[in-house]
Amino acid sequence: MIVKSGTLGGRGRRTRAALVQAGREAFEERGYDAVRVDDVCARAGVSHGTFYTYFGSREELFREVAATVVGEMFTASVVGPAAPGDPYARIEAANLLYLRAWAANSRLVRMLEQVAATDESFRGLLLELREVFVRRGAEGLRRLQEQGLADPSLDPRLTAVMLGGMVEHFAHVWLDLGEHADERTAVAALSTLWARAIGLTPAPAWQPVPPPARTDREADMTSASTKGAGS
């Protein structure tokens, strides 16, 4: 019988978390098709039977890993109250944070997309996970429209889907395929295109500005992703 996460005690939660982390590492290193349940068990230091106490299959584990990654990306790209109140500055900050979150997690996101292409259940998961980003973008645009700062004729949801797709695709081309652009220029260009597309008033000029300082860990992850893309 699979134990539901909501009913787990402290030890059970730690074991389940260890399996998710082990699965994440295995999928990142070996790819979805190459990973077996035994690989995950060995990494987590648990028995084969213990795995099935928490997950019904490798596929179920991958769903959990994917949901965890997208949740982390969403949290990492949230523009908090400390950011400037200027709408363009907040768009710029959101794009910067998203690109850095993608750099840290791009391999698993692309893996989910590949699996979703042939598995209908994963396609539904991918759409569900992307919905959190679409909803946030739509809500932000709706607020700007209410304030008279954005084109009121735009459909908030469709606009969020389209502009979010632009940023996501650029992140893939830039970080995974090796398109050459420094971070400041990339963020400024994306933000200018986004602002102009929604009719942000006043429309900003395309001028790269210094991004917020990032941690050493974020810098290392971006550097590693860029190197991997160009290799």
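Check the entry above for the structure.
Residues numbered from 1 in each chain as written. Predicted model: local features only at pLDDT ≥ 70, side-chain atom pairs only at ≥ 80, totals over all residues. Heavy atoms only, no water.

Draft legend 1. Seen up close, the environment of S77. If you trace the backbone, S77 turns up in the loop between helix 4 (58-76) and helix 5 (87-116). For the pair S77 and A93, spaced 16 residues apart in the sequence, the C-alpha separation amounts to 8.4 Å. In this view, S77 contacts A94, L97, Y98, F133 and R136; residues no more than four positions away in its chain are not counted. (Helix = DSSP H or I, 4+ residues; strand = E, 2+ residues; numbered from the N terminus. Contact = heavy atoms within 4.5 Å.)

Draft legend 2. Structural detail: a nonpolar patch on the surface. Taken together, the side chains of L158, V161 and M162 define a hydrophobic patch exposed on the protein surface, amounting to about 290 Å² of accessible area. In this fold, L158 is placed in helix 7 (residues 156-176). Classification of L158 by relative accessible area gives partly exposed; the value is 48%. (Patch = residues over 30% accessible without salt bridge, like charges linked within 9 Å, V, L, I, M, F, W, Y side chains within 5 Å. Areas by Shrake-Rupley, 256 points an atom, 1.4 Å probe, with all protein chains shown as cover. Salt bridge = Lys/Arg side-chain N within 4 Å of Asp/Glu carboxyl O. Buried < 20%, exposed > 50% of the residue type's maximum accessible area, 1.4 Å probe, protein only.)

Draft legend 3. Fine view of the nonpolar core. Counting 56 residues, the largest nonpolar core has F27, F62 and I198 as the members making the most contacts within it. Looking at this core, the elements with two or more residues in it are helix 1 (10-30), helix 2 (37-44), helix 3 (48-54), helix 4, helix 5, helix 6 (120-146), helix 7 and helix 8 (183-197). If one sorts the elements of this core by residue count, helix 5 sits on top with 14 residues. (Core = buried A, V, L, I, M, F, W, Y, C linked by side-chain atoms within 4.5 Å.)

Draft legend 4. Structural view of the pattern of salt bridges. Tallied over the full model, the rule gives 12 salt bridges. The shortest N-O distance in the salt bridge between E72 and R24 comes to 2.9 Å. Residue E72 is located in helix 4, and its partner R24 is located in helix 1; the two are separated by 48 residues in the primary sequence. The buried category is assigned to R24, whose relative accessible area is 13%. Salt-bridge contacts for R43 lead to E29; the nearest nitrogen and oxygen are separated by 2.6 Å. Of the two residues, R43 sits in helix 2 while E29 sits in helix 1, which places them 14 residues apart along the sequence. By relative accessible area, which is 36% here, R43 ends up partly exposed. Residue classification places E29 among the exposed positions, given a relative accessible area of 55%. The network of salt bridges with common partners includes R110, E113, R130 and E168.

Draft legend 5. Representation of the side chain of T192 in the model. Among the structural elements, T192 can be located in helix 8. Engagement of the side chain of T192 in a polar contact is seen with the backbone oxygen of A188, the distance being 2.9 Å. (Polar contact = N/O pair within 3.5 Å; in protein donor to acceptor, adjacent residues only side chain to side chain.)

Draft legend 6. Representation of the packing of helix 4 against helix 5 in the model. In contact at an axis separation of 9 Å, helix 4 and helix 5 are set at 160 degrees when each is read in the N-to-C sense. Taken together, helix 4 and helix 5 sit at an angle that is classed as roughly antiparallel. Our pair here, helix 4 against helix 5, has a crossing hand that is left-handed. Residues F62, V65, A66, V69, E72, M73 and A76 of helix 4 lie in contact with helix 5, whose contacting residues are L97, Y98, A101, W102, N105, L108, V109, M111, L112 and V115. Residue composition of the contact of helix 4 with helix 5, by class: 15 nonpolar, one polar and one charged. (Axes fitted to C-alpha atoms, helices over the stretch in contact; angles between N-to-C directions. Parallel < 35°, antiparallel > 145°, perpendicular 65-115°, else oblique. Left-handed = near helix turned anticlockwise from the far one by under 90°. Nonpolar A, V, L, I, M, F, W, Y, C, P; charged D, E, K, R; others polar.)

Draft legend 7. Region of interest: helix 6. For helix 6, spanning 27 residues, the distance from its first C-alpha to its last is 38 Å, which sits close to the expected 39 Å at 1.5 Å a residue. Largest kink in helix 6: about 30 degrees, centred on E131. Of all the positions in helix 6, only F122, L125, L126, L129, V134, A138, G140, L141, L144 and Q145 are classed as buried. Of the surrounding secondary structure, the elements contacted by the buried residues of helix 6 are helix 4, helix 5 and helix 7. Positioned one or two residues after helix 6, G148 has a phi angle of 75 degrees, which is positive. (Expected span 1.5 Å × (residues − 1). Bend = angle between axes of the 7 residues up to and from the residue.)

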